[in-house]
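Coordinates in review
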Amino acid sequence: MTFTSFLLKTVETLTPFTTLTSLSAKLTDVPMGKFTQFLIKNFIKTFNINLDEVADTDITSYKTFNDFFIRKLKPELRPIDKGCIAVCPTDGTIGQAGTIKAGRLIQAKGLDYSLKALIGGSDQDTKIYENGKFACIYLSPANYHRIHMPIDGKLIKTIHIPGKLFPVGKKNISNMPDLYTANERLVCFFETSLGILCVVMVGAALVGSIHTSWSGTIDRKVGLDIRNYESDDIRYSRGDEIGYFKYGSTVITLWPENGGNVAKDLQENFPVKMGRSMIV
């Protein structure tokens with residue numbers, strides 16, 4: 001066991017998730033000189049990070065741990081699939097993907113959760129995705145953590161939903177009902193050629209923050225924070241970066257009925273990379 005894995009396991013065991021996440025957010029954004037470089041090198045070793053993919057391979061250029069965690073990749077290593085309708089927004093592993101039935105999405109075998117609760121409780125928003133498609137991608141700490149646009153679209157609304165910060169690893173996904181509707185999340189609606197695309201960025205333990213390209217780092221507030229952007233004309237092309245996580249978490253995409261089909265190989269536990277086909 002490396003120093004990094006030992007430290008993470010010890011702190012997670014002894015500290016409540018909300019306190020741990022707050023502590024993580026502060027410490028990982030602080031320049032700590034040689035200790036920062038030590039943490040990054042141990043992180044690379046612990047999670048077997050492929051430095052050949054990283055745009056800037058000079059470890060000393062990263063002044064904080066999060067600078068490295070949200071590292072950019074060489075763009076040619078994530079080509080955008082031109083032969084599909086929409087692409088995967090991020091690297092990760094498929095949790096579940098398929099059809100939204102009776103207002104429920106599959107979380108794991110024997111567990112599902114409410115579409116309405118996931119996206120903020122609005123009947124009007126919920127109706128958009130009845131009988132539509134969904135895909136859930138889990139990002140482990142080892143993954144590239146920037147989030148990209150699956151299809152050309154215009155941002156029309158976001159809803160920040162405060163919540164808990166439970167871990168979203170396989171153990172909790174398989175055993176904790178309504179995990180995704182319990183955790184903090186940012187729900188983003190985009191107007192596209194297929195109808196209204198919804199991208200849900202789910203927070204979790206150790207996620208120091210959720211950051212978006214249009215409004216920066218999300219403030220953790222009490223109560224729903226609904227923001228309308230229709231008049232701002234904020235547009236993104238397929239493959240454009242729209243945000244990132246500071247530590248592992250989950251991205252859920254929702255598509256209206258008749259908005260295409262989920263690629264057949266997107267099955268549970270299937271690893272994906274940003275830019276590959278998602279909706280065909």
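Residues numbered from 1 in each chain as written. Predicted model: local features only at pLDDT ≥ 70, side-chain atom pairs only at ≥ 80, totals over all residues. Heavy atoms only, no water.

With respect to the environment of Arg-185
Mapped onto the elements of the fold, Arg-185 is located in strand β8 (residues 185-192). Considered as a pair, Arg-185 and Gly-163 are 22 residues apart in the sequence and their alpha carbons are 7.4 Å apart. Dropping the residues within four chain positions of it, Arg-185 is found in contact with Ala-117, Leu-118, Ile-159, His-160, Ile-161, Tyr-180, Val-200, Met-201, Val-202 and Gly-203. Within polar-contact distance, the side chain of Arg-185 engages the backbone oxygen of Leu-118 at 2.8 Å. Separated by 3.3 Å, the side chain of Arg-185 and the backbone oxygen of Thr-181 make a polar contact. (Helix = DSSP H or I, 4+ residues; strand = E, 2+ residues; numbered from the N terminus. Contact = heavy atoms within 4.5 Å. Polar contact = N/O pair within 3.5 Å; in protein donor to acceptor, adjacent residues only side chain to side chain.)

Focus: helix α3 (residues 34-47)
The terminal C-alpha atoms of α3 lie 20 Å apart, and with 14 residues this matches the ideal 20 Å at 1.5 Å per residue to within 8%. One or two steps after α3, the chain reaches Asn-48, where phi turns positive at roughly 55°. (Expected span 1.5 Å × (residues − 1).)

A few points about the pattern of salt bridges
What the rule picks out here adds up to eleven salt bridges. Between Arg-78 and Asp-91 there is a salt bridge, with the nearest N and O atoms lying 2.7 Å from each other. With Arg-78 in the loop between α4 (65-69) and β1 (86-87) and Asp-91 in the loop between β1 and β2 (92-99), this residue pair connects regions lying 13 residues apart in the sequence. Within the structure, one salt-bridge network assembled from shared partners comprises Glu-53, Arg-78, Asp-91 and Lys-273. (Salt bridge = Lys/Arg side-chain N within 4 Å of Asp/Glu carboxyl O.)

Details of the pairing of strand β4 (residues 111-114)
Where strand β3 (residues 104-108) meets β4, four bridges bridge the pair, whose relative direction is antiparallel. Bridged to Arg-104 within β4 is Ser-114. Between β3 and β4, which pair antiparallel one after the other, the connecting turn spans two residues, and Gly-110 there sits at a positive phi close to 85°. (Pairing = 2+ DSSP bridges.)

Describing the sheet that holds strand β6 (residues 146-148)
Strands pair in a sheet through their backbones, by hydrogen bonds, and they do so in one of two ways: parallel or antiparallel. The strand order across the open sheet formed by four strands is β6-β14-β10-β11, and the pairing between neighbours is antiparallel. Where the open sheet ends on each side, the last strands, each with one partner, are β6 and β11 (216-217). By the bridge criterion, three bridges tie strand β10 (residues 210-212) to strand β14 (residues 241-245) in an arrangement that is antiparallel. Counted as the bridge partner of Thr-212 is Gly-243 from β14.

With respect to the environment of Asp-125
Note that Asp-125 resides in helix α6 (residues 123-128). Asp-125 sits 73 residues away from Cys-198 along the chain, and the two C-alpha atoms are 9.7 Å apart. With near-sequence residues (within four places) excluded, Asp-125 lies in contact with Ile-119, Lys-157, Ile-159 and Phe-189.

Some words on the pairing of strand β7 (residues 153-161)
Most of β7 sits inside the fold, with nine of its nine residues counted as buried. Looking at chain direction, β7 and strand β13 (residues 235-236) are connected through two bridges and run antiparallel. Looking across to β13, one finds that Gly-153 is bridged to Tyr-236. Of the pairings in the sheet, the one linking β7 to strand β12 (residues 225-228) comprises four bridges and is antiparallel in character. (Buried < 20%, exposed > 50% of the residue type's maximum accessible area, 1.4 Å probe, protein only.)

Quick word on the confidence of the model for the protein chain
Averaged over all residues, the pLDDT of the protein chain is 88; the fraction at 70 or higher stands at 89%. In the predicted structure, residues 4-23 sits below a pLDDT of 50 and forms 27 contacts with residues beyond four places in sequence or in another chain. (pLDDT = per-residue confidence, 0-100.)

A short note on the side chain of His-148
As for its placement among the helices and strands, His-148 is situated in strand β6. Judged by relative accessible area, which is 8%, His-148 ranks as buried. A polar atom in the side chain of His-148 sits 2.7 Å from the side chain of Tyr-144. Engagement of the side chain of His-148 in a polar contact is seen with the backbone oxygen of Gly-239, the distance being 2.8 Å. Filtering out sequence-adjacent residues up to four positions away, His-148 remains in contact with Pro-89, Gly-239, Asp-240, Glu-241, Ile-242 and Met-274.

Some details on the packing of aromatic side chains
Enumeration over the complete set of coordinates arrives at ten aromatic pairs. When the ring of Tyr-62 is compared with that of Phe-68, the centres are 5.2 Å apart and the planes differ by 85°; the resulting orientation is edge-to-face. Taken individually, Tyr-62 and Phe-68 each receive the classification buried, so the pair is uniform in this respect. Both rings, one in Trp-214 and one in Tyr-236, keep their centres 6.1 Å apart while their planes meet at 55°; by these two values the pair is tilted. Residue Trp-214 is located in the loop between β10 and β11, and its partner Tyr-236 is located in strand β13; the two are separated by 22 residues in the primary sequence. Judged by its relative accessible area of 15%, Trp-214 is buried. The residue whose ring lies beneath Arg-71 is Phe-68, and the NZ or CZ to ring-centre distance is 4.8 Å. Directly above the ring of Phe-189 sits Lys-157, whose terminal nitrogen or CZ lies 5.0 Å from the centroid. (Phe/Tyr/Trp six-rings, centres within 6.5 Å; stacked < 30°, edge-to-face > 60°. Lys NZ or Arg CZ within 6 Å of the ring centre and 35° of its normal.)

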